[in-house]
Amino acid sequence: MTEEPSRSDASLAFVDVITNGLGGLLVLFFIVIVIQSSLEWNGQSGSATPVKTDEFPFVIIARPSHADPSECFDPVADVWSISGMPAGTIDPVRGNNLDWGVDYAMLVAPTPLDPIKTVLNVITTRDTTLEIEVFPAGAKQRKYQVKAKAKKLTKVWPNLEGTSK
């Protein structure tokens, strides 16, 4: 006489899958809790932990405020003019800290810049209004506009006259 296979093996496997699955989710939940407690948030998060602003770069992006098929920046010649920055702060070669194209110019500094000493200018190929976005050392992003004249230096940072958004 042959015995039929027991159904208890299949039901035991189902219980094991459920138990191991829930156990795995519980382990992942605890890992997420541990990771979250070690994160540092920015100054806008309401955290009591002070933010080390020297760990965040300074980023500024200049773009024409209206899309236009003509070039706003010379894609070959250097469009940035920087004064008052400590020597060695940025690499003046295009690609490391400076970049630009026909419709944007971007600067990334590895440390916060001093608005009293440092002045950032760009040169445009045509008269335009530039939309400037500044991400200063982990602080809240700022946007403003400046009027630029063709082939002339236009001060884009610090902004004292521009309209803020």
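Refer to the structure presented above.
Everything numeric here is computed off the predicted structure, so don't read it as measured data. (Residues numbered from 1 in each chain as written. Predicted model: local features only at pLDDT ≥ 70, side-chain atom pairs only at ≥ 80, totals over all residues. Heavy atoms only, no water.)

For the rest of this paragraph, the subject is the sheet that holds strand β8 (residues 153-157). Backbone-to-backbone hydrogen bonds join strands into a sheet, with any given pair of strands oriented parallel or antiparallel. Pairing is antiparallel across the open sheet formed by three strands, whose spatial order is β2-β5-β8. In the strand order of this sheet, the two ends are held by β2 (80-83) and β8, each with one partner. Neighbour-to-neighbour, the strand axes of this sheet turn through a mean angle of 30°, independent of strand direction. Here strand β5 (residues 119-123) runs beside β8; their pairing, made up of four bridges, is antiparallel. Directly across from Asn121, in β8, lies its bridge partner Lys155. (Pairing = 2+ DSSP bridges. Helix = DSSP H or I, 4+ residues; strand = E, 2+ residues; numbered from the N terminus. Axes fitted to C-alpha atoms, helices over the stretch in contact; angles between N-to-C directions.)

Further remarks concern the pattern of salt bridges. All chains considered together, the criterion is met by two salt bridges. Between Glu133 and Arg63 there is a salt bridge, with its nearest N and O atoms 1.9 Å apart. You can see Glu133 sitting in strand β6 (residues 128-135) and its partner Arg63 sitting in strand β1 (residues 58-64), a full 70 residues away along the chain. Classification of Glu133 by relative accessible area gives buried; the value is 8%. Arg63 gets classed as partly exposed once you look at its relative accessible area, which sits at 34%. Between Arg94 and Asp99 there is a salt bridge, and its shortest N-O distance comes to 3.4 Å. Note on Asp99: relative accessible area 25%, which makes it partly exposed. (Salt bridge = Lys/Arg side-chain N within 4 Å of Asp/Glu carboxyl O. Buried < 20%, exposed > 50% of the residue type's maximum accessible area, 1.4 Å probe, protein only.)

Tracing the sequence through the fold places Asn121 in strand β5. From its side chain, Asn121 meets the backbone nitrogen of Lys155 in a polar contact 3.3 Å long. The residues touching Asn121, leaving out its near neighbours within four places in the chain, are Val79, Trp80, Ser81, Leu153, Thr154, Lys155 and Val156. (Polar contact = N/O pair within 3.5 Å; in protein donor to acceptor, adjacent residues only side chain to side chain. Contact = heavy atoms within 4.5 Å.)

The subject of this paragraph is a nonpolar patch on the surface. A surface patch of nonpolar side chains, about 880 Å² in accessible area, is lined by Phe14, Val15, Ile18, Leu22, Leu25, Val27, Leu28, Ile31 and Ile35. Mapping Val15 onto the fold places it in helix α1 (residues 8-38). What makes Val15 partly exposed here is its relative accessible area of 44%. (Patch = residues over 30% accessible without salt bridge, like charges linked within 9 Å, V, L, I, M, F, W, Y side chains within 5 Å. Areas by Shrake-Rupley, 256 points an atom, 1.4 Å probe, with all protein chains shown as cover.)

Each aromatic ring pair is summarised here by two numbers: the centre-to-centre distance and the angle between the ring planes. What the rule picks out here adds up to two aromatic pairs. The interplanar angle of 65° and the centroid separation of 4.9 Å between the aromatic rings of Phe58 and Trp157 together place this pair among those described as edge-to-face. Highlighted residues: Phe58 in strand β1 and Trp157 in strand β8, separated in sequence by 99 residues. For Trp157, a relative accessible area of 6% corresponds to the buried category. The ring of Trp100 is capped by Arg94, whose NZ or CZ atom sits 4.3 Å from the centre of that ring. (Phe/Tyr/Trp six-rings, centres within 6.5 Å; stacked < 30°, edge-to-face > 60°. Lys NZ or Arg CZ within 6 Å of the ring centre and 35° of its normal.)

Glycine aside, residues mostly have negative phi, and peptide bonds are mostly found in the trans state. Trp157 connects to Pro158 through a cis peptide bond whose omega is -5°. Looking at the element boundaries, Pro158 is found in the loop between β8 and β9 (163-164). A positive phi angle, close to 60°, is found at Lys151, a residue other than glycine. Inspection of the secondary structure puts Lys151 in the loop between β7 (142-148) and β8.

Our next topic: the side chain of Thr124. Within the fold, Thr124 resides in the loop between β5 and β6. Within the structure, the side chain of Thr124 is placed 3.0 Å from the backbone oxygen of Arg126, a separation counted as a polar contact. If we skip the residues at most four places from it in the chain, Thr124 touches Cys72, Phe73, Leu130, Ala148, Lys149, Ala150, Lys151 and Lys152.

Next up on the list: the environment of Gly101. Relative to the helices and strands, Gly101 resides in strand β3 (residues 98-101). For the pair Gly101 and Arg63, spaced 38 residues apart in sequence, the C-alpha to C-alpha distance is 9.8 Å.

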